[in-house]
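Coordinate inspection notes
Residue-level listing of the chains:
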Amino acid sequence: MKNYFLLVFVLSCIVFTSCSEDDTVYSCNDTVNSWVKDNKSQISQMTRVDWLRTNAEMSIPIYRAFTSKQRENFWIEKLNEVKQLPWTSEEIEHIRKVEQFIVEHPYVLSGKSLTDNQLDELESFFYQWKNDAMQKLNWKPEVCIAIAGSGYIMKNTKGEVILLSSKESDKMSHRAESSCHCNTSVLSDFCFNSPGPCESSSCESSSVGCGWLLAQSCNGRCGGI
């Protein structure tokens, strides 16, 4: 009898683990979430170039399904691309500080929820990095965010980015769904394509996909969306 209960317990743990893995949520939009789950093998082969060909509503759910190695390659490519713009040598060195932070703190691209200590490290680094950029390099906040808070292509050193396409029907769906799409603890400039800042909302949050290096939770909605 003792062995029977032990067997039931072990099987229950296996079932629970299996269900937890199957219940991973990439988007609160059921259609998008199902598509990501059904196409994880293809997503695991995607590069940032492939990601840039997706639309705005699919981009973050797809990014959430990336492996840690894909996210690492994603940011290596993004920052190398940024460095091709006409910066001064001092500005290039400042961008390299982000690269060094990623190397020294690989957890930021793990895709897992950050612990309180990890979140403090991330926010402390970027708080100082942004302030130094504004005071010493005369950057505006949107330049910092275009570099390290977005996977989009930077058009110029002013912080303008090339947004991913978004069909009108997708926009309507995005507005109607309950998922969060920005982080309330960071600057309003993270809301690239909306009339207002990130605001607290009753939306369904996610562990990653927003904020610095897309490593912070999505816990709010951009005003006007």
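A brief structural summary. (Residues numbered from 1 in each chain as written. Predicted model: local features only at pLDDT ≥ 70, side-chain atom pairs only at ≥ 80, totals over all residues. Heavy atoms only, no water.)

1. Describing the environment of N55
Inspection of the secondary structure assignment puts N55 in the loop between α4 (48-51) and α5 (56-65). Remark: the alpha-carbon pair of N55 and S165, spanning 110 residues in sequence, is separated by 5.0 Å. (Helix = DSSP H or I, 4+ residues; strand = E, 2+ residues; numbered from the N terminus.)

2. Details of unusual backbone geometry
Residues apart from glycine generally show negative phi values, whereas peptide bonds are mostly found in trans. Even without a glycine there, the phi angle at L213 is positive, about 55°. Although it is not a glycine, L214 sits at a positive phi angle of roughly 55°. Its place among the elements puts L214 in the loop between β4 (206-210) and β5 (216-218). Residue classification places L214 among the buried positions, given a relative accessible area of 7%. (Buried < 20%, exposed > 50% of the residue type's maximum accessible area, 1.4 Å probe, protein only.)

3. What to know about the pairing of β4
Side-chain positions along a regular strand alternate between the two faces of the sheet. With respect to burial, β4 is a largely interior element, four of its five residues being buried. Judged from the two bridges that link them, β4 and β5 form a sheet pairing that is antiparallel. Its bridge partner being in β5, C210 is matched across the sheet by Q216. (Pairing = 2+ DSSP bridges.)

4. Considerations on the packing of helix α6 (residues 68-82) against helix α9 (residues 141-148)
As a packed pair, α6 and α9 sit with axes 9 Å apart at the nearest point and diverge in direction by 135°. The orientation of α6 with respect to α9, classified from their angle, is oblique. Residues W75, K78, L79 and V82 of α6 pack against A146, I147 and A148 of α9. Within the contact of α6 with α9, the residues separate by chemical class into six nonpolar, no polar and one charged. (Axes fitted to C-alpha atoms, helices over the stretch in contact; angles between N-to-C directions. Parallel < 35°, antiparallel > 145°, perpendicular 65-115°, else oblique. Contact = heavy atoms within 4.5 Å. Nonpolar A, V, L, I, M, F, W, Y, C, P; charged D, E, K, R; others polar.)

5. Focus: helix α8 (residues 116-136)
Taking 1.5 Å of rise per residue, 21 residues should cover 30 Å, and α8 covers 30 Å from first to last C-alpha, within 8% of that figure. Regarding α8, the residues found buried are L122, F126, W129, K130, N131, D132 and A133. A positive phi of about 60° marks N138, the residue just after α8. (Expected span 1.5 Å × (residues − 1).)

6. Some details on the packing of aromatic side chains
Enumeration according to the criterion identifies 14 aromatic pairs in this entry. With a centroid separation of 5.1 Å and 70° between ring planes, the pair formed by Y63 and F74 is classed as edge-to-face. Pair noted here: Y63 is in helix α5 and F74 is in helix α6, with a separation of eleven residues, a long-range link. Taken as a pair, Y63 and F74 share a single burial class, namely buried. Put simply, the rings of W87, F101, F125, F126, W129, W139 and W212 touch in pairs and so form one group of aromatic residues. Its end group placed over the ring of F74, R48 keeps NZ or CZ at 5.8 Å from the ring centre. (Phe/Tyr/Trp six-rings, centres within 6.5 Å; stacked < 30°, edge-to-face > 60°. Lys NZ or Arg CZ within 6 Å of the ring centre and 35° of its normal.)

7. A closer look at the packing of α8 against α9
Pairs of packed helices are described in terms of their axes, by the angle between the two and the distance that separates them. At a minimum axis separation of 9 Å, α8 and α9 run at an interaxial angle of 130°. Put simply, α8 runs oblique to α9. The way α8 lies across α9 gives a crossing that is right-handed. Counting all contacts with α8, which are made through F126, W129, K130, A133 and M134, the residues of α9 involved are P141, C144, I147 and A148. Of the residues belonging to the contact of α8 with α9, the class tally is eight nonpolar, no polar and one charged. (Left-handed = near helix turned anticlockwise from the far one by under 90°.)

8. A few points about the state of the cysteines
Here is the idea: a disulfide is a covalent bond, and it sits between the sulfur atoms of two cysteines. Scanning all chains against the criterion turns up two disulfides. For C182, the disulfide goes to C198, at an S-S distance of 2.0 Å. Between C182 and C198, the S-S torsion sits near 90°, and that sign places the bridge as right-handed. Here C182 is found in the loop between α10 (168-176) and β3 (198-200), whereas its partner C198 is found in strand β3, with 16 residues between them in sequence. (Disulfide = S-S within 2.5 Å.)

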